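Spelled out, the chains give:
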Amino acid sequence: KLVNTLESESIQALEVWGVPSYLDEQAIDALKEQIGVLEVQEAALAEQIDDLTTLFQSRQRPLEDELQTVRSKKVKIDQEIQSAIKAAESDLPPPPGSESLAWVDSTLF
């Protein structure tokens, strides 16, 4: 009885998807065979995706390492520039005038 219930539910599900309920056993077997073929294709495609993911991860790693190296060099050079600017500013002679006006750093004043 359980098998008949499952078959009737399967037939109802097929009708929902637009498959006519009058299909005979041979037609149902053909559809099951198509499902089997599609499952094999699905597995092959999933395996290809996994292979590509592995391949690109192995190619991505060296690029990420190089990117990190470039970023580190950039930060180091920026720090050198900032140090050079501070050193150049400290090497300037003190501005003329009184100490109380030393904060003024403009040609207008």
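The shown structure was predicted, so the numbers you read here are calculated from the model rather than taken from an experiment.

Participant: Help me out: how do you make sense of the overall build of the protein chain in this one?
Facilitator: Counting its regular elements, the protein chain contains two helices and zero strands. Counting every position in the protein chain, which comprises 109 residues, the buried fraction comes to 0%. Roughly 10400 Å² of accessible area belongs to the protein chain as shown, and the carbon and sulfur atoms make up 60% of that amount.

Participant: I'm lost on the confidence of the model for the protein chain in this one. Help?
Facilitator: Detail in the predicted coordinates should be disregarded across regions flagged by low pLDDT. On average, residues of the protein chain score 76 in pLDDT, and 67% of them are at 70 or above. Predicted confidence is poor over residues 1–6, with pLDDT under 50, and the contacts of this stretch with residues over four places away or in other chains come to zero contacts.

Participant: Would you mind showing me how to read a nonpolar patch on the surface here?
Facilitator: Taken together, the side chains of Leu52, Leu55 and Phe56 present a nonpolar region at the surface, about 280 Å² in accessible area. The residue Leu55 is located in helix H2 (residues 25–91) in this model.

About the cut-offs
Residues numbered from 1 in each chain as written. Predicted model: local features only at pLDDT ≥ 70, side-chain atom pairs only at ≥ 80, totals over all residues. Heavy atoms only, no water. Helix = DSSP H or I, 4+ residues; strand = E, 2+ residues; numbered from the N terminus. Buried < 20%, exposed > 50% of the residue type's maximum accessible area, 1.4 Å probe, protein only. Areas by Shrake-Rupley, 256 points an atom, 1.4 Å probe, with all protein chains shown as cover. pLDDT = per-residue confidence, 0-100. Contact = heavy atoms within 4.5 Å. Patch = residues over 30% accessible without salt bridge, like charges linked within 9 Å, V, L, I, M, F, W, Y side chains within 5 Å. Salt bridge = Lys/Arg side-chain N within 4 Å of Asp/Glu carboxyl O.

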